[in-house]
Amino acid sequence: MPSRRDQIRMSDDELREFLAEHRVVTCATIGPNGRPHLMPLWYSVDGVELRGWTYAKSQKARNLERDARATLQVEDGEQYNELRGVMMECDVEVERDPAQVAGYGRKLFARFGATGGDVDAMIEKQAPKRIGMRFTPTRIVSWDHRKLGGAY
């Protein structure tokens, strides 16, 4: 008999679909005091890799300069039988080249349906002040309590 953990794990296709339908991830980095620093972050998806951007002077960016690891979580649902999500422990590659960072920004804004001249101009203006972040999972844990059919 499969464990409950095995019963609620998302398949690879379910995981990709789940990540594609959401837009905000909670990003945990390690702050200067050794405690987790949690912040919401828009993301784009490339398979199971997530990408985002942030201001280069942000606490998140400073934390990644010290320790290029992060834990990400995307979650959904309110009642126990609706809960689903994914937690990914990731290695993070930081991109500083403004032209490349602008590409991260374009992908993010395209996910929200924002494209065109004004958006491109804003992204180009913002890119030199930002970093791009590529999150490559080293461990993935997923859950979908809907698979339990209401049983606890």
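Parameters and conventions
Residues numbered from 1 in each chain as written. Predicted model: local features only at pLDDT ≥ 70, side-chain atom pairs only at ≥ 80, totals over all residues. Heavy atoms only, no water. Helix = DSSP H or I, 4+ residues; strand = E, 2+ residues; numbered from the N terminus. Polar contact = N/O pair within 3.5 Å; in protein donor to acceptor, adjacent residues only side chain to side chain. Contact = heavy atoms within 4.5 Å. Salt bridge = Lys/Arg side-chain N within 4 Å of Asp/Glu carboxyl O. Buried < 20%, exposed > 50% of the residue type's maximum accessible area, 1.4 Å probe, protein only. Patch = residues over 30% accessible without salt bridge, like charges linked within 9 Å, V, L, I, M, F, W, Y side chains within 5 Å. Areas by Shrake-Rupley, 256 points an atom, 1.4 Å probe, with all protein chains shown as cover. Phe/Tyr/Trp six-rings, centres within 6.5 Å; stacked < 30°, edge-to-face > 60°. Lys NZ or Arg CZ within 6 Å of the ring centre and 35° of its normal. Axes fitted to C-alpha atoms, helices over the stretch in contact; angles between N-to-C directions. Parallel < 35°, antiparallel > 145°, perpendicular 65-115°, else oblique. Left-handed = near helix turned anticlockwise from the far one by under 90°. Core = buried A, V, L, I, M, F, W, Y, C linked by side-chain atoms within 4.5 Å.

**Student:** How should the side chain of Asn63 be read in this particular structure?
**Tutor:** Secondary-structure assignment places Asn63 in helix H3 (residues 59-66). A distance of 2.7 Å separates the side chain of Asn63 from the side chain of Gln59, its partner in a polar contact. Among the polar contacts listed, one links the side chain of Asn63 to the side chain of Arg66, at a separation of 2.7 Å. Those residues in contact with Asn63 that sit more than four places away from it in its chain are Thr29, Ile30, Gly31, Pro32 and His37.

**Student:** Looking at this structure, I do not really get the pattern of salt bridges. What am I missing?
**Tutor:** Opposite charge on two side chains allows them to pair when their charged atoms are near. Enumeration over the complete set of coordinates arrives at 14 salt bridges. With its nearest N and O atoms 2.7 Å apart, the salt bridge here joins Arg9 to Asp6. Judged by its relative accessible area of 38%, Arg9 is partly exposed. Taken together, the shared-partner salt bridges connect Asp46, Glu49, Arg51, Glu93 and Arg134 into one network.

**Student:** Help me understand a nonpolar patch on the surface in this model?
**Tutor:** A surface patch of nonpolar side chains, about 250 Å² in accessible area, is lined by Val24, Trp42 and Phe112. Structurally, Phe112 is set in the loop between helix H4 (98-111) and helix H5 (117-126). Residue classification places Phe112 among the partly exposed positions, given a relative accessible area of 31%.

**Student:** Even after reading the chapter, I still don't get the packing of aromatic side chains, so can you show me in this structure?
**Tutor:** Pairs of aromatic rings are described using the distance from one ring centre to the other and the angle between the two planes. Applying the stated criterion to the full structure yields three aromatic pairs. Aromatic side chains Trp42 and Phe109 sit 5.5 Å apart centroid to centroid with 75° between the ring planes, which places their arrangement in the edge-to-face category. Placement of Trp42 in strand E2 (residues 36-42) and of Phe109 in helix H4 is noted, with a sequence separation of 67 residues between them. Judged by relative accessible area, which is 35%, Trp42 ranks as partly exposed. Each residue in the set Trp42, Trp53, Phe109 and Phe112 is aromatic and connected to the rest through ring pairs, giving one cluster. Over the face of the ring belonging to Tyr55 we find Arg130, whose NZ or CZ atom lies 3.9 Å from the ring centre.

**Student:** How should I be thinking about the packing of H4 against H5 in this particular structure?
**Tutor:** Two quantities define a packed helix pair, namely the angle between the helix axes and the distance between the axes. H5 packs onto H4 with a crossing angle of 140° between their chain directions and a minimal axis gap of 9 Å. Here H5 runs oblique to H4, going by the angle between their axes. H5 is crossed by H4, and the crossing has right-handed handedness. Residues Ala102, Gly105, Arg106 and Phe109 of H4 lie in contact with H5, whose contacting residues are Val119, Asp120, Met122, Ile123 and Glu124.

**Student:** Explanation requested: the nonpolar core in the structure shown.
**Tutor:** Looking at soluble globular proteins, one finds that nonpolar side chains tend to be buried together. If you look at the biggest cluster of nonpolar residues, it comprises 22 residues, and the most contacted ones within it are Leu19, Leu50, Leu72 and Phe135. The set of elements that each furnish at least two residues to this core consists of helix H2 (12-21), strand E1 (24-30), H3, strand E5 (69-76), strand E6 (84-95) and strand E7 (130-144). Sort the elements by how many residues they give to this core and E6 lands first, with five residues. When neighbours within four sequence positions are excluded, Leu19 is seen to be in contact with Tyr43, Val45, Val48, Leu50, Val74, Val86, Met88 and Arg111. With eight residues, the next largest nonpolar core counts Trp53, Ala102, Phe109 and Ala127 among its residues.

Treat this as a map of the structure, not an account of what it does.
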